[in-house]
Structures are given as structure tokens and as C-alpha cells.
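Here's the letter readout for the chains.
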Amino acid sequence: MLFQPHAAAAPAATDATRRDALKLGGMGLVLGLIWTAGPRAVQAQGTAEAPPAPNAFVRIAPDDTVTVIAKHLEMGQGIYTGLATILAEELDADWAQVRVESAPADARLYNNLAFGPMQGTGGSSSVANSYTQLRRAGAAARAMLVAAAAELWSVPAAEITVERGTVAHARSGRSTRFGALAERAARQSVPAAVALKDPSRFRLIGTRLPRVDAVAKTTGRAQFAIDVTLPGMLVAVVQRPPKFGARMRSFDPAAARAVPGVVDAVAVPSGVAVLAQGMYAALRGREALAVQWDESAAETRDSAAMIAAYSALADRPGLPARREGDAERGLAAAARRLEAKFVFPYLAHAPMEPLTCVVRLTADACEIWAGDQFQTVDQANAARAAGLRPEQVTIHTTFAGGSFGRRANTQSDYVVEAVSIAKAIGGRAPVKLIWTREDDIKGGLYRPLYVHALAGGLDAARNLVAWRHRIVGQSILGGTPFEAMMVRNGIDGTSVEGASNLPYAIPNLAVDLHTTTSPVPVLWWRSVGSTHTAFATEVFLDELAHASERDPVALRRALLAHHPRHLAALNLAVEKAGWGTPLPRGRGRGIAVHESFGSYVAQIAEVTVGGDGTLKVDRVVCAVDCGVAINPDVIAAQIEGGIGFGLGAALAEAITLKGGEVEQSNFHDYTPLRIDAMPRVEVHIVPSTAAPTGVGEPGVPPIAPAVANAVFAATGRRVRTLPIGANDLRTG
Amino acid sequence: MAIDFTLNGRPVSLDVDPDMPLLWAIREAAGLTGTKFGCGMAQCGACTVHVAGEPTRSCATPIGQVAGQAVTTIEGIDSPVAQAVQQAWQRLDVAQCGYCQSGQIMSAVALLTQNRRPSDADIDAAMQGNLCRCATYVRIRAAIHAAAQTIGG
Ligand code: FES
Ligand code: FES
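(A) Representation of the overall build of chain A in the model. Regarding its fold elements, chain A presents 18 helices and 32 strands. Its C-alpha atoms give chain A a radius of gyration of 27 Å, near enough to 27 Å, the size a compact globule of 732 residues would have. In terms of principal-axis extent, the alpha carbons of chain A reach across some 80 × 70 × 45 Å. In chain A, the share of contacts with a sequence separation of at least 24, taken over all contacts with a separation of at least 6, comes to 76%. One finds the centroid of the 72 positive side-chain charges in chain A at a distance of 2 Å from the centroid of its 68 negative side-chain charges.

Right, dumping it as C-alpha cells:
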């Protein structure tokens, strides 16, 4: 989402400098290490500075449990399992003894090496930035267990072996579990250097380990923020303005306060909060509230007017995001020229757990429970809202019921709102802020609305010689703390990613950007720029293939000759899907290939389109190269889910504005995919020894263009406006 | 006025407004948080419980309507079908964020209790009111088939 950790070779061995172990009496080994630098995969790119910082990632207790401390949010992507696998691998732990617990907010200890200095989860970066870090931590802890056993048994450390949570010395026939050595291990000095395993010796990485959260999440025991209950806690809901950019002018709390169970109604920066003994009373209180809004700075346009304005902009050159050769001259000289415009609506993340945050505020401390994705950012913003220092704010990161980017925002919207409510009532009770689904759908921070204009030129021999791509839409990073770092020469990288790095060999190529503004707040949405750039580029390439009478796969192969990882993913998907085998009338196959966040994904969709225009996606075959596969089953799950998530948006999701107001409100009119529309999915992993990259997002971008290309193959109709449901596909 | 009903096999008496959705009574008054809030208007299935064995959206059921009835939540299921479903869910690692899964499991248990050998079409029809934003649907189908095998349907 923020940064693309391109693969560098994984170091087989590495070293750490001097550090000390944090010791907790009776707790056994708690490993804290000071590393001199971040993982080499990151360093090699020179994009992230990882200052020396102590990191605490594992606790081995006398009861033989190994607790891996996760600096990343578990929001469904399986990261608790992934992080634990990496550390347990080098520790040679028994998977059955491994537990996971969330880390407290700490930018020094738990910096995201991909985009810090900050603790946060996103950009499919969690495995990539943790891989070497956790391997080192696991190897160091293992060495300390070995040293403890050597001391206990008076035998040379070199003769000691570790396997599945057991430390053994074969010659003397002694062996013991980790737990029995925990306290002695904690007294050992942390090794100055650790050797990491050769990947051929991996025992856990690459296997299908069960998820660590599977039981909690099938018994109702998993704790989300919405499940947190504190003594005396009040439930709060907020009435926010009906139009983006409006402000509260005045309100009358009397009617709300008269509702049984309502305790108070107070002004907060985002609107008016109603506090009650429970959710039912809070909602009834909010209904009774009378609020006057100042709409002088509000967005008042319709989506259609915005699209028309964007489309006019797309007819003119914008700021250059990429230039190769001379696209204008190439287009002018082309024997044949194609042009197309693409339209993308605003999209809501709509995580299943509506945004929720629990706050306990006192004069000198603030405690927060949330499915918190940007812990140290939220900590700083919460401190500002509370009038405290960041170190006075404690964040308890619970499971998150999905996020898809929504919980990661630099203004910490829902966290700050909850703190503001607690402050408005003087901290007299803990507060649980719950957003209803309507609040969520109407609440903004959407994937921006975009219009793209593409032009392509073919020479007399039908070679693709020119490509011009103009993108129009709001900036996600503008006005955020990331702007200085990631907006260069007026180009927000998240607006053009996936287009400005188009891999195809085209001699004359231009990518331009027009950045628009609106009071509608926008945010990254699972796979960010690639949510729209992959569609425009892969559908337009398909159009050019058709115009040049070339098979879409053959054309991609020809243009990807210098991109072996794209090519390998493409070829694997083509082979598994039976590309080119005949399909009955009304059915079609479409392909898309796209790299995002350093992972390479090809998808082939098979669809059936009825004469009445009904579209059914029957089957999706996916090939993914994400470097070393930490857990093939978690990878498959993320790709399956990414396909379903992307397909829902492709088929039927849209946030539209009427007079500036959002027309949708709940799942009856903002419609994610349901089970009856879910295709069969086959996931194939390209074998790789490259450093691992993420899979949370990269499964999303190719599905919409693959389906649109399949629709064309089935019907001859081009889909250039999303969602596909907005198009008439009738052929009968 | 207190409303009496059976919750997970135990009699309970909750002194709440009879118009209060069963969902909030279960979560806030009875303190059982496995049943989730996702939409509040019978559109997502996250709040699914069993009322007299029937899958029911608790967000759209006033608690007054369940007076005298048996309500079962995710915390209270223990039939052989329920165990087969939960184990299949675990074996196939269905859950991602997990937030929808209490509701998915309650719907799946109700389906398999009534139809021990559902087809894909039966599954789609019975489960189509349960949204999963993580789109775990491929595994939900597979896990229901696996549970059907276990119970010998
Ligand atoms: S919360 Fe009841 S169906 Fe969504
Ligand atoms: S597992 Fe996340 S919503 Fe279903």
C-alpha cells in the first residue's frame, strides 16, 4: 500500500551486534535485541532507514509456551500465523507450543522497516519487513537455549541439537523441553552473531501449518474491539454531517437526553456524540437529535458531474509520471490508433466489523482498545486529542474484523473521535464508540473516483509502438504526513502505481496525472492504485491485442520478454487454465497479469453471459509469485479472498453522490460479493527462492480486468466503466 | 418488564425494552459477544442465532418476540452437527478476520441439521444471507461438504 518491497535475495546468514536480553523475573526468556540495521531486503533498496532499536519478539515461559509478539495487526490476512512461523522456524520450536500476542505500540521496538519510522501494517509489507528480523530473533533465542543447556549439562554447545521444542545432547543422552531451560536461557548473553538456516532445511516455512487463530474464530471467543467491555462503560454513536466538508452549527440535546438509557449528548469535532447505557439507547438517542449543519464548504456535486469534469481533464496532458520515447509522435505516426476512457466509482472498504474503539481516559493516561492498524500514528493523534504525551497513551491491539486499508489512516479518524468523546465527558466513564454500517458506508475515506484516458498506436506490421495513459483523480497522500516523502513533482505514487511501472515493452510511452480535489475524503483500499490501473491497462492491452489480431496471451508474452517473473506467473496460469481450449457459446475466458507490492499475479477468468445479460463468473485460475512461500495455505486463502473481494467491487460495488450526499447506506445497496456469486478458484504458486513478499493485496488487481476481458470474449462487449453491473451486456 | 427466555439451555430473565433487538440484549445484557453486529438490518448474517432451532437474524428480532423461546448462540452450540461444522472450519482454515464466522457457522449448522447432504446450490441458497467481506466462500462451501461427510449425510 505504501511501498513496494521488491525482492532481493534472502540472506542465508546474518549478524547482529551487541544487545541485551530483557529479563523478567520468573517469566523465562524474553528476548530483546538491538539490531544495527534493518533486513537486507529492505536495505538493498535504500528506501528505509532502520535506526538501531531494541526489538522484543519472543517470550519462552517455564510452562513451555513460546509466545511470539506480533508487531502487526491481524485483520484476517493470517499474519499472526506467518510471523510465528518465521520465528518458530529458526527457534526450532514445536508448532503446538507457539502462541501469538499483539505488541504494545512502540515505534522504536516495532518499527515497520518497509515504511517506518512508525509501527503499522499495510502495503502487504508485514512478512517482507519481518522475515529477516524474526529469523534473527528466533535464531538468537535458540542460541541462548543451547547455551543454557550447555551450562546446565556441562557439555559443549556445539554438540547440542534442537528439534521441535526439545533441546538434546545425544552423547550423554540428555534432553529437555524449552520451558525447563527458559529461566537459565534468560541469563545468557545474546549472541553477537547468529547463523540462519539454509532454506533447504526449513521445517515449518513452506508447510501448511494451521492458523493460530482458527479455534478462537470458530467458537465466538476471538476478541474484537467491539467485544471489549469495561466497568461503567458507555456506548457512543456520532451524528456526522450529511455532506462531506459540512460542520456542525448547533444542536439541541434535549430530545436525545430524554430517551431512556441516554446519558449525554456532546459536541465533538466530527459532529455530535450520543452516549448511552447501550447501543439500542444510543441509536434511539441519535434519532431524536436535532442538528443544524453549516454546508458552505461542503461537496455538493453529483458523481456524474465529477465524472464529466474528470473526463474533460483527461482530454488534456497532465503532469508527467513516466516518459519513454515520444508517445505523441508515436501516436501521430501510427498506422492505427485506439482510444478508450475508463470510469471508476468511489468504493467503501466496509470491513465486516464496523469501526469501533474503546477508550478509558484519566487525567494522566489514555488506554485504547482497537483493531489498530497504525499503532504509533494513532498513539500520537490520540495523545494530541487527549492533551497527553504519546507515552501516556497505551494501545491494546485486538483482532480487527477486516480493514482493507480503512483502519490505516494518518488522521486516525475513529480513534481520535473516540478519544474526543471521552474528553468531552471529562473521562467520567470509559467509552465504546461504534460506527453503524450506515455510518461506515456514508463515512468517506473511500477509494477515489477516477477517470482514465488511454490511447494506443499500432504500426503497419501491427506492433504496439505507442501508449498514452492519463489518470484523473484525487490524491490519497496529499495533505497527509506521507506527502513529503511520497509525493514527488506533484505525482502521488499511489495514483499512478501499476500504470507508471507498466512492464510491457512499448517504445513510446507516456503516463500523465491530473490530481483533483474534493471535500470527499479518500484513502487506500486493498491494493490501492492497482485497483484501477490494473483494470485500465489490462483491458486496454486486450483491446490492442484484438485490434492487432493477436492472442492476448501471445501479445503479453511478446511484450514481457524482459520480465521473467511476470512471464512465469502468466505461463503457469495459462497452462493450468487450459487457455485456448474451446468454450461453448456465451462463455469466454479472459486474462490479466499484474505486479503489486512485489508479488506477481496472473489470473484467468471463465465467465458465462446469458442472452439477457446476466453474468456469472464460473472459474478463476490464479498463479502467484510472492517469493519464498511461508505458508502455502495462507497464501491460497489470501488469493481466494482477494479474488472475491475484487470481484464484488468489479461486479456491483459503487459509492455514488447525489448533491454531495452518498446514495448508499447499507449492504442492500452497497453490495459486496455473496457466496452465490463466488467462482471456483484455483491457486498455483510459482516456486521461488526470492525474498518473500506480501499476498494480502496482490490477488485483487487482476480479477476485474480478467473478468471484463472474459466478458468481451463471450459477448464482444467491452466493459470500460465499473462496476460491470452498470453496463448492459444483453446480446439477445 | 422482564422478558424470560432460554439462552443456551439456561433460563434467563432480562429487564429490557421489548423492542430492543435480540442482538443487543445478547451482547450487552447477557454479555455473550460471539454474536456480531454487522449491519443491523438483516442484510449480513453476522448476528445469526438459532431461535427454536431456526436460523434467525438477531439484529432484526425484537427481544419481546423470543419470550418463552429457546435461543442458541455460537457459545451454546454443541450438537454433533455443530461439532462437525466447527472442526471442518478449523481443519480447512476457513476464517480470515473471523468476524462473520459465528454467523456463518450458525447458518451452516442449521442447514446441515435440516439437510445432511446439501449440494453446492443448496449451500449457496442457505448461506447467501451471510456476507463475508474477506470472501472466504470457497472454503465455506468446502467446509460444509466436509462436515456433511463427518456426520455421514
Ligand atoms: S447484523 Fe444482523 S444481519 Fe447484519
Ligand atoms: S472472515 Fe472476515 S468477514 Fe468473513
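(B) Here's a closer look at the interface of chain B and chain A. Between chain B and chain A, the contact holds 49 residues from the first and 61 residues from the second. Between chain B and chain A, roughly 4400 Å² of surface is buried when both sides are summed, and carbon and sulfur atoms account for 57% of that area. Our count for the chain B to chain A interface comes out at six salt bridges. Residue aspartate 227 of chain A pairs with arginine 27 of chain B through a salt bridge whose shortest N-O separation is 3.0 Å. Our count for the contact surface shared by chain B and chain A stands at 28 residue pairs in polar contact (both at pLDDT 80 or more). When residues in the side of chain B that touches chain A are grouped by element, the largest group, five residues, is from helix α5 (residues 137–150) of chain B.

(C) Seen up close, the nonpolar core. If you look at the biggest cluster of nonpolar residues, it comprises 247 residues, and the most contacted ones within it are Leu91 and Trp467 of chain A together with Ile63 of chain B. Looking at this core element by element, the count peaks at 11 residues for helix α3 (residues 126–153) of chain A. Not counting residues within four places of it along the chain, the set of residues in contact with leucine 91 of chain A comprises Val58, Ile60, Val66, Gly138, Ala141, Arg142, Leu145, Val162 and Phe178 of chain A. Formed by 33 residues, the second largest nonpolar core is a distinct cluster that contains Leu361, Ile368, Val419 and Leu433 of chain A.

(D) Inspection of the sheet that holds strand β17 (residues 336–344) of chain A at higher detail. Residue and element names in this part refer to chain A. Taken in spatial order, the five strands of this open sheet run β16-β26-β23-β22-β17, and their pairing is mixed. Edge strands, defined here as strands with exactly one partner in the open sheet, are β16 (319–324) and β17. For this sheet the average axis-to-axis angle between neighbouring strands, irrespective of direction, equals 10°. Where strand β22 (residues 450–458) and strand β23 (residues 464–474) come together, nine bridges link them in antiparallel fashion. Residue pairing in the sheet places valine 451 in a bridge with valine 472 of β23. Against the sheet, helix α14 (residues 530–547) contacts β17, β22 and β23, and its axis sits at roughly 150° relative to β17.

(E) The arrangement of the packing of helix α15 (residues 552–559) of chain A against helix α16 (residues 564–577) of chain A in detail. Residues and elements named next belong to chain A. For the pair α15 and α16, interaxial distance at closest approach is 10 Å and the crossing angle is 160°. On the basis of their axis angle, the class for α15 and α16 is roughly antiparallel. For the crossing formed where α15 meets α16, the hand is left-handed. Facing α15, whose interface residues are Val553, Arg556 and Arg557, α16 presents Leu567, Leu570, Asn571 and Val574.

(F) Structural context of the domain arrangement of chain A. All names here are of chain A. When the domains of chain A are assigned, the result is domain 1 (17–219), domain 2 (225–296 + 355–434) and domain 3 (322–346 + 446–726). Each of domain 1 and domain 3 has a C-alpha centre, and these two points are 38 Å apart. Counting the contacts that link domain 1 with domain 3 gives one salt bridge. Of the charged contacts in the structure, one is a salt bridge between arginine 208 and aspartate 633, with a shortest N-O distance of 3.4 Å. Our count for the domain 1 to domain 3 interface comes out at five residue pairs in polar contact (both at pLDDT 80 or more). Sort the elements by how many residues they give to the side of domain 1 that touches domain 3 and helix α2 (residues 79–91) lands first, with four residues.

(G) Structural view of helix α10 (residues 413–424) of chain A. All names here are of chain A. Helix length check: α10, at 12 residues, gives a terminal C-alpha distance of 16 Å against a target of 16 Å (1.5 Å per residue), a fit within 8%. Among the 12 residues that make up α10, nine are buried, leaving the element largely enclosed by the rest of the structure. Within the span of α10, buried status applies to Asp413, Tyr414, Val415, Glu417, Ala418, Val419, Ser420, Ile421 and Ala422.

Parameters and conventions
Residues numbered from 1 in each chain as written. Chains lettered and ligands numbered in written order. Predicted model: local features only at pLDDT ≥ 70, side-chain atom pairs only at ≥ 80, totals over all residues. Heavy atoms only, no water. Helix = DSSP H or I, 4+ residues; strand = E, 2+ residues; numbered from the N terminus. Rg over C-alpha atoms; globule rule 2.2 N^0.38 Å. Contact = heavy atoms within 4.5 Å. Lys, Arg positive; Asp, Glu negative; His and termini not counted. Charge placed at Lys NZ, Arg CZ, Asp CG, Glu CD. Buried area = accessible area lost by both parts, 1.4 Å probe. Salt bridge = Lys/Arg side-chain N within 4 Å of Asp/Glu carboxyl O. Polar contact = N/O pair within 3.5 Å; in protein donor to acceptor, adjacent residues only side chain to side chain. Core = buried A, V, L, I, M, F, W, Y, C linked by side-chain atoms within 4.5 Å. Buried < 20%, exposed > 50% of the residue type's maximum accessible area, 1.4 Å probe, protein only. Pairing = 2+ DSSP bridges. Axes fitted to C-alpha atoms, helices over the stretch in contact; angles between N-to-C directions. Parallel < 35°, antiparallel > 145°, perpendicular 65-115°, else oblique. Left-handed = near helix turned anticlockwise from the far one by under 90°. Domains from an automatic or database assignment. Expected span 1.5 Å × (residues − 1).

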